[in-house]
Amino acid sequence: MNSDDLLLRRAEDADADEMARTWLRSFSAALPTVRRAHSDDEVRAWFTHVVVPHHESWVAVADGSVAGLLVLDGPELDQLYLDPSWRGRGLGDRLVGLAKRQRPEGLALWTFQVNGPAGRFYERHGFTEVERTDGSRNEEREPDVRYLWKPGS
(Lines give C-alpha, C1' and ligand atoms only; values in the text may rest on other atoms or scores of the structure.)
Protein backbone atom coordinates (compact mmCIF):
# COMPACT_ATOMS: atom_id res chain seq x y z
CA MET A 1 0.00 0.00 0.00
CA ASN A 2 1.31 3.46 -0.83
CA SER A 3 0.42 6.80 0.70
CA ASP A 4 -2.20 7.47 -1.99
CA ASP A 5 -4.23 4.57 -0.58
CA LEU A 6 -4.44 6.13 2.89
CA LEU A 7 -7.42 7.93 4.31
CA LEU A 8 -6.53 11.29 5.88
CA ARG A 9 -9.21 12.41 8.32
CA ARG A 10 -9.74 14.34 11.51
CA ALA A 11 -8.94 12.26 14.56
CA GLU A 12 -11.76 11.06 16.75
CA ASP A 13 -11.70 10.23 20.47
CA ALA A 14 -11.50 6.53 19.59
CA ASP A 15 -8.21 7.15 17.71
CA ALA A 16 -6.31 8.51 20.72
CA ASP A 17 -4.87 5.21 21.96
CA GLU A 18 -3.68 4.10 18.54
CA MET A 19 -2.26 7.59 17.87
CA ALA A 20 -0.27 7.26 21.09
CA ARG A 21 1.03 3.83 20.04
CA THR A 22 2.10 5.22 16.65
CA TRP A 23 3.79 8.18 18.38
CA LEU A 24 5.65 5.85 20.76
CA ARG A 25 6.87 3.56 17.93
CA SER A 26 7.94 6.54 15.85
CA PHE A 27 9.72 8.33 18.70
CA SER A 28 11.65 5.17 19.63
CA ALA A 29 12.70 4.52 16.03
CA ALA A 30 13.58 8.10 15.03
CA LEU A 31 15.03 9.35 18.32
CA PRO A 32 16.72 6.41 20.07
CA THR A 33 19.19 8.66 21.91
CA VAL A 34 16.60 11.14 23.20
CA ARG A 35 15.37 10.67 26.75
CA ARG A 36 11.58 10.45 26.82
CA ALA A 37 10.11 12.78 29.43
CA HIS A 38 6.96 10.67 29.95
CA SER A 39 6.03 7.03 30.39
CA ASP A 40 3.97 5.13 27.81
CA ASP A 41 0.90 5.48 30.04
CA GLU A 42 1.42 9.23 30.35
CA VAL A 43 1.73 9.55 26.57
CA ARG A 44 -1.51 7.61 26.09
CA ALA A 45 -3.29 9.81 28.66
CA TRP A 46 -1.95 12.95 26.96
CA PHE A 47 -3.37 11.87 23.58
CA THR A 48 -6.69 10.87 25.18
CA HIS A 49 -7.25 13.89 27.43
CA VAL A 50 -5.30 16.72 25.76
CA VAL A 51 -4.27 16.16 22.15
CA VAL A 52 -7.39 14.76 20.49
CA PRO A 53 -10.01 16.75 22.44
CA HIS A 54 -8.20 20.11 22.44
CA HIS A 55 -6.06 20.31 19.29
CA GLU A 56 -6.67 19.97 15.58
CA SER A 57 -5.60 16.35 15.18
CA TRP A 58 -5.46 14.33 11.99
CA VAL A 59 -4.74 10.68 11.28
CA ALA A 60 -3.63 8.78 8.21
CA VAL A 61 -5.40 5.42 8.30
CA ALA A 62 -4.28 2.32 6.39
CA ASP A 63 -6.17 -0.96 6.75
CA GLY A 64 -7.87 0.36 9.89
CA SER A 65 -4.59 1.34 11.60
CA VAL A 66 -3.04 4.75 12.24
CA ALA A 67 -0.02 5.00 9.93
CA GLY A 68 0.67 8.64 10.77
CA LEU A 69 -0.58 11.61 12.71
CA LEU A 70 -0.54 15.38 12.49
CA VAL A 71 -1.40 17.77 15.32
CA LEU A 72 -1.83 21.50 14.80
CA ASP A 73 -1.99 23.91 17.73
CA GLY A 74 -2.75 27.36 16.38
CA PRO A 75 0.15 28.24 14.04
CA GLU A 76 2.28 25.38 15.45
CA LEU A 77 2.83 22.12 13.65
CA ASP A 78 2.95 20.46 17.05
CA GLN A 79 3.26 16.77 16.14
CA LEU A 80 4.00 14.90 12.92
CA TYR A 81 4.82 11.24 13.51
CA LEU A 82 4.75 8.24 11.19
CA ASP A 83 4.72 4.58 11.97
CA PRO A 84 8.30 3.48 11.14
CA SER A 85 7.04 1.19 8.36
CA TRP A 86 5.61 4.25 6.58
CA ARG A 87 8.78 6.38 6.50
CA GLY A 88 10.03 7.21 3.02
CA ARG A 89 6.72 6.40 1.33
CA GLY A 90 5.29 9.90 0.81
CA LEU A 91 3.04 10.00 3.85
CA GLY A 92 5.02 12.75 5.57
CA ASP A 93 4.76 14.82 2.39
CA ARG A 94 0.99 14.43 2.40
CA LEU A 95 0.73 15.40 6.07
CA VAL A 96 2.89 18.52 5.61
CA GLY A 97 0.76 19.44 2.60
CA LEU A 98 -2.35 19.08 4.74
CA ALA A 99 -0.80 21.25 7.46
CA LYS A 100 0.00 23.97 4.92
CA ARG A 101 -3.56 23.88 3.54
CA GLN A 102 -4.94 24.16 7.07
CA ARG A 103 -2.57 27.02 7.96
CA PRO A 104 -2.01 28.90 4.68
CA GLU A 105 -0.73 31.94 6.59
CA GLY A 106 2.27 29.96 7.84
CA LEU A 107 3.53 27.37 10.30
CA ALA A 108 6.18 27.02 12.97
CA LEU A 109 7.62 23.91 14.61
CA TRP A 110 10.36 22.57 16.84
CA THR A 111 12.42 19.46 16.20
CA PHE A 112 15.43 18.04 18.00
CA GLN A 113 18.85 18.90 16.57
CA VAL A 114 19.82 15.22 16.71
CA ASN A 115 16.97 14.44 14.27
CA GLY A 116 18.82 15.40 11.08
CA PRO A 117 16.37 13.55 8.81
CA ALA A 118 13.48 15.64 10.18
CA GLY A 119 15.40 18.88 9.64
CA ARG A 120 16.18 17.92 6.03
CA PHE A 121 12.55 16.89 5.50
CA TYR A 122 11.19 20.21 6.72
CA GLU A 123 13.77 22.19 4.74
CA ARG A 124 12.72 20.31 1.56
CA HIS A 125 9.20 21.51 2.31
CA GLY A 126 10.22 25.16 2.50
CA PHE A 127 10.74 25.53 6.24
CA THR A 128 13.63 27.76 7.31
CA GLU A 129 15.68 27.33 10.46
CA VAL A 130 15.30 30.43 12.67
CA GLU A 131 16.62 29.39 16.09
CA ARG A 132 18.67 26.75 17.91
CA THR A 133 18.51 26.17 21.66
CA ASP A 134 20.40 24.13 24.21
CA GLY A 135 17.23 22.23 25.15
CA SER A 136 16.81 23.84 28.55
CA ARG A 137 13.23 24.86 27.66
CA ASN A 138 11.93 21.41 26.61
CA GLU A 139 11.03 18.49 28.84
CA GLU A 140 13.58 16.17 27.26
CA ARG A 141 16.43 18.65 27.86
CA GLU A 142 17.52 17.97 24.28
CA PRO A 143 18.95 20.71 22.00
CA ASP A 144 16.33 21.70 19.47
CA VAL A 145 15.72 23.73 16.33
CA ARG A 146 12.89 26.13 15.46
CA TYR A 147 11.61 26.15 11.86
CA LEU A 148 9.20 28.54 10.15
CA TRP A 149 7.27 28.23 6.90
CA LYS A 150 5.63 31.21 5.23
CA PRO A 151 3.74 30.94 1.95
CA GLY A 152 5.85 32.04 -0.97
CA SER A 153 9.11 31.40 0.87
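Since the structure is predicted, the reported quantities are computational estimates derived from the model, not experimental observations.

Colleague: What am I meant to see in helix α1 (residues 16–30) here?
Modeller: Residue pairs spaced three or four apart in an α-helix point in one direction, given the helix's 3.6 residues per turn. Taking 1.5 Å of rise per residue, 15 residues should cover 21 Å, and α1 covers 21 Å from first to last C-alpha, within 8% of that figure. Taken residue by residue, α1 has A16, E18, M19, A20, T22, W23, L24, S26 and F27 as its buried positions.

Colleague: Whenever I open this one, the pairing of strand β3 (residues 65–73) confuses me. Can you help?
Modeller: The side chains of a regular strand alternate between the sheet's two faces. Of all 9 residues that make up β3, 7 are buried, and the element is covered over most of its length. Looking at chain direction, strand β2 (residues 56–62) and β3 are connected through 7 bridges and run antiparallel. Within the sheet, the bridge partner assigned to S57 lies in β3 and is V71. The hairpin turn running from β2 into β3, its antiparallel successor, is 2 residues long, and D63 in that turn takes a positive phi close to 50 degrees. Bridging between β3 and strand β4 (residues 76–82) involves 6 bridges; their strand directions are antiparallel. Within the sheet, the bridge partner assigned to L70 lies in β4 and is L80. Between the end of β3 and the start of β4, which pair antiparallel, lie 2 residues, with G74 showing a positive phi angle near 60 degrees.

Colleague: Can you help me understand the nonpolar core in this one?
Modeller: Generally speaking, nonpolar side chains in soluble globular proteins are found buried as a group. Grouped together as the largest cluster of nonpolar side chains are 25 residues, with contacts concentrated most on L70, L77, L80, L91, Y122 and F127. Elements with a contribution of two residues or more to this core: β2, β3, β4, α3 (91–102), β5 (107–112), α4 (116–124) and β7 (144–149). The greatest single-element share of this core, amounting to 5 residues, is contributed by α3. If we ignore the near neighbours within four places in the chain, the residues touching F127 are L77, V96, K100, L107, L109, Y122, Y147, L148 and W149. Within the second largest apolar cluster, 20 residues are counted, among which are F27, V59, V61 and L69.

Colleague: Explain the packing of α1 against helix α2 (residues 40–54) here, please?
Modeller: Packed helices, taken two at a time, are described by the angle their axes make and the gap between the axes. Running from N to C, α1 and α2 cross one another at 130 degrees; their axes reach a closest spacing of 9 Å. Relative to α2, α1 is oriented oblique. Seen along the crossing, α1 lies across α2 with a hand that is right-handed. Every residue of α2 that contacts α1 at A16, D17, M19, A20, W23 and L24 is listed here: D40, V43, R44, W46, F47, T48 and V52. Residue composition of the contact of α1 with α2, by class: 9 nonpolar, 1 polar and 3 charged.

Calculation criteria
Residues numbered from 1 in each chain as written. Predicted model: local features only at pLDDT ≥ 70, side-chain atom pairs only at ≥ 80, totals over all residues. Heavy atoms only, no water. Helix = DSSP H or I, 4+ residues; strand = E, 2+ residues; numbered from the N terminus. Expected span 1.5 Å × (residues − 1). Buried < 20%, exposed > 50% of the residue type's maximum accessible area, 1.4 Å probe, protein only. Pairing = 2+ DSSP bridges. Core = buried A, V, L, I, M, F, W, Y, C linked by side-chain atoms within 4.5 Å. Contact = heavy atoms within 4.5 Å. Axes fitted to C-alpha atoms, helices over the stretch in contact; angles between N-to-C directions. Parallel < 35°, antiparallel > 145°, perpendicular 65-115°, else oblique. Left-handed = near helix turned anticlockwise from the far one by under 90°. Nonpolar A, V, L, I, M, F, W, Y, C, P; charged D, E, K, R; others polar.

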